[in-house]
Every structure is written in structure tokens, then in C-alpha cells.
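# Fold and contact review
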Amino acid sequence: MSDQRVNIAVYPGTFDPITNGHFDLIERGARMFDKVVIAVAASPGKRPSLELETRIALAKTVCASLPNVEVIGFSTLLTTMMHEQGATIILRGLRAVSDFEYELQLANMNRAQNPELESVFLTPAVENSYISSTIVREIAKLGGDISPLVHLQVAEALRKHYTI
């Protein structure tokens, strides 16, 4: 029996929709950690455009090439879900300095709830630094081309969603 510890990182978010910026962080996280759990939050308070099941399915499609990545949905407290997953690392992205203050507050609150949790922050590749789900949704709503910003199936799902 091995005593080797498995490093499981959770990358939480609404992923409404999952973008190339998200995938960039997921791919790099998958190289850094034994397992990465993409935790798609129900987040009813944010009123996501896409249903939870759709967001989970799109994340699974986008991450299909990464064998150590699992996608789940959740509607509990992040620290509760992390305990259930056996995870102690929270993976988060920082696009700009403006993200840091909010992310620092979250990291400190999560650590206050569970002192064993650590937050790891990654910055996106330069070509993804301006991409946000909010911007992608706005472009899609107005019929613009989002194909450089998201996976092909995500672009198709948004096109169908906004033309109904």
C-alpha cells in the first residue's frame, strides 16, 4: 500500500460558457496536479444563461483530451464539495490586477473555513487574457463570431441558444 499523496485541484466556476481562457488554465493545471476537478457551479443567484447540465456537458467536451480531468456539477459550499472530492487545492485564474483583491478575499474565506485548503492562481496566456464568459455571451447574443474565443462545440451551442 502506497503512502503517496494524490494532489487533487478543484477549478470552480460557473463556466457560462467555458472559454479558451478556462481551457488554458485547465490544461496547465492538468500538468501540475494529479487530478483536476472542473466544478461547475449551479449559481442560481448569477442567473446563468446556459443550464447547469449544458455547462457540464460542454466542459466535458472541451476537456475530453485530458485524462486526469473530471467535470462535475455542484450546488453546495465549495469547501464542502472539496472535502467530498478529497481535494485541498483550489485553482483560480487571474486575468488582471483587478481580479486579485476579490480572489484574495475568497482564498482567505475558504482557508478560514478549512485551514488545509490552498489556493493556486494562474495567469492566462496573453492571447486569452482578455476573454471572459460575459464578453463571449454578449458577442454571441449580438450574432458576432466567437469561434476564436471558445471551443467549436461551445460556439455552436451558444449560436443555437441565442437564435431560439
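Conventions and cut-offs
Residues numbered from 1 in each chain as written. Predicted model: local features only at pLDDT ≥ 70, side-chain atom pairs only at ≥ 80, totals over all residues. Heavy atoms only, no water. Buried < 20%, exposed > 50% of the residue type's maximum accessible area, 1.4 Å probe, protein only. Helix = DSSP H or I, 4+ residues; strand = E, 2+ residues; numbered from the N terminus. Pairing = 2+ DSSP bridges. Right-handed = clockwise from strand over helix to strand, strands pointing away. Contact = heavy atoms within 4.5 Å. Axes fitted to C-alpha atoms, helices over the stretch in contact; angles between N-to-C directions. Parallel < 35°, antiparallel > 145°, perpendicular 65-115°, else oblique. Nonpolar A, V, L, I, M, F, W, Y, C, P; charged D, E, K, R; others polar. Expected span 1.5 Å × (residues − 1). Polar contact = N/O pair within 3.5 Å; in protein donor to acceptor, adjacent residues only side chain to side chain. Salt bridge = Lys/Arg side-chain N within 4 Å of Asp/Glu carboxyl O.

Within strand 4 (residues 89–93), four of the five residues are buried, which leaves it mostly tucked inside the rest of the structure. Two strands pair when backbone bridges link them, and strand 1 (residues 8–13) and strand 4 are joined in this way by two bridges, in the parallel orientation. By the bridge assignment, Ala-9 is partnered in strand 4 with Ile-89. Note: strand 4 against strand 5 (residues 118–122), five bridges, orientation parallel. By the bridge assignment, Leu-91 is partnered in strand 5 with Val-120. Once the chain exits strand 4 it traverses helix 4 (residues 97–113) before rejoining the sheet at strand 5, and the crossover so formed is right-handed.

Residue placement: Ile-18 occurs in the loop between strand 1 and helix 1 (20–32). Look at Ile-18 and you get buried, because its relative accessible area is 2%. Setting aside its immediate chain neighbours within four residues, Ile-18 contacts Ile-26, Leu-58, Ala-59, Val-62, Val-150 and Val-154.

With that settled, consider unusual backbone geometry. Backbone torsion omega between Asp-16 and Pro-17 reads 5 degrees, so that peptide bond is classified as cis. Within the secondary structure, Pro-17 is located in the loop between strand 1 and helix 1. With a phi angle near 50 degrees, Arg-47 is a residue other than glycine that sits in the positive phi range. Secondary-structure assignment places Arg-47 in the loop between strand 2 (35–41) and helix 2 (52–62). Arg-47 sits in the exposed class, given a relative accessible area of 72%.

Attention shifts here to the environment of Ser-43. Of note, Ser-43 is situated in the loop between strand 2 and helix 2. As a C-alpha pair, Ser-43 and Phe-74 span 31 residues in sequence and 8.8 Å in three-dimensional space. Discounting chain neighbours no more than four positions away, the residues touching Ser-43 are Thr-14 and Pro-48.

With that settled, consider the packing of helix 2 against helix 6 (residues 152–163). Two elements in contact, helix 2 and helix 6, have axes separated by 9 Å at closest approach and are oriented at 155 degrees. It follows that helix 2 is roughly antiparallel to helix 6 by the angle criterion. Along its contact with helix 2, which presents Leu-58, Thr-61 and Val-62, the element helix 6 presents Gln-153, Val-154 and Ala-157. For the contact of helix 2 with helix 6, a count of residues per class yields four nonpolar, two polar and no charged.

Turning next to helix 1. Across its 13 residues, helix 1 extends 18 Å between first and last C-alpha, which sits within 8% of the 18 Å expected from 1.5 Å per residue. With a side-chain oxygen positioned 3.2 Å from the backbone nitrogen of Gly-21, the residue opening helix 1 is Thr-19.

A few words on the pattern of salt bridges. Pairing is possible between side chains of opposite charge, provided their charged atoms come close. Taken as a whole, this structure holds nine salt bridges when the rule is applied. The salt bridge partner of Lys-141 is Glu-138, with a shortest N-O separation of 3.5 Å. Of this pair, Lys-141 and Glu-138 both sit in helix 5 (residues 133–141), separated by three residues, roughly a single helical turn. The class for Lys-141 is partly exposed, based on a relative accessible area of 43%. Between Glu-156 and Arg-159 there is a salt bridge, and its shortest N-O distance comes to 2.6 Å. Highlighted residues: Glu-156 and Arg-159, both in helix 6, separated by three residues, approximately one helical turn. One network of salt bridges, in which partners are shared, links Glu-156, Arg-159 and Lys-160.

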